[in-house]
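# Working through the structure, step by step
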Amino acid sequence: MNNLGDYQWKNRLILVQAASETEGAVQTLKDAHAEIDDRDITWFVNTGEGIVSNQAKVSGGVERDINELFAEVRPEDRVLLIGKDGGMKSREPGLDLDAIFGRIDAMPMRVREMRTGD
């Protein structure tokens, strides 16, 4: 994957910007791997020293896209949820996976996925 657009229609994205409000985000996301995999989520955490992800490798283009996205949103928006359609679904100050999972599970595409078992 060379940029965030390559994930469109394949994965939902959770992007996390390092801050005291998001401390422990990498471990929280790793611990929820079953729920994350079930919802086709790819996550990226900008730790301030680089990007950590549930992807084996993060390209320079993806890292650039993430940095550009965070430059466009308010500084207090530390967690971004992007849908499979590429649209911004939420901007939050902290990582609340239960709220994110609830928001995803209410999306029409996810409702269809749960109904058909995809």
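The coordinates are above.
The subject of this paragraph is the overall build of the chain. Secondary structure assignment for the chain yields five helices and five strands. Counting helices and strands in the order they occur from the N terminus, the chain gives β-α-α-β-β-α-β-β-α-α. The globule rule puts the C-alpha radius of gyration for 118 residues at 13 Å, and the 13 Å found for the chain is close to it. Oriented by its inertia axes, the alpha-carbon framework of the chain measures out at about 40 × 30 × 25 Å. Burial status across the chain gives 42% buried among its 118 residues.

With that settled, the discussion passes to the environment of Gly61. Take Gly61: it is sitting in helix H3 (residues 60–72). For Gly61, a relative accessible area of 12% puts it in the buried group. Excluding residues that lie within four positions of it along the chain, Gly61 makes contacts with Asn2 and Asn3.

The next subject is unusual backbone geometry. Residues other than glycine seldom take positive phi values, yet Trp9 does so here, at roughly 70°. Within the element layout of this structure, Trp9 appears in the segment before strand E1 (12–17). Overall, Trp9 belongs to the exposed group, its relative accessible area being 55%. At Asp40, a position not held by glycine, the phi torsion is positive, near 55°. Mapped onto the elements, Asp40 comes out in the loop between helix H2 (33–38) and strand E2 (41–46).

What counts and what doesn't
- Residues numbered from 1 in each chain as written.
- Predicted model: local features only at pLDDT ≥ 70, side-chain atom pairs only at ≥ 80, totals over all residues.
- Heavy atoms only, no water.
- Helix = DSSP H or I, 4+ residues; strand = E, 2+ residues; numbered from the N terminus.
- Rg over C-alpha atoms; globule rule 2.2 N^0.38 Å.
- Buried < 20%, exposed > 50% of the residue type's maximum accessible area, 1.4 Å probe, protein only.
- Contact = heavy atoms within 4.5 Å.

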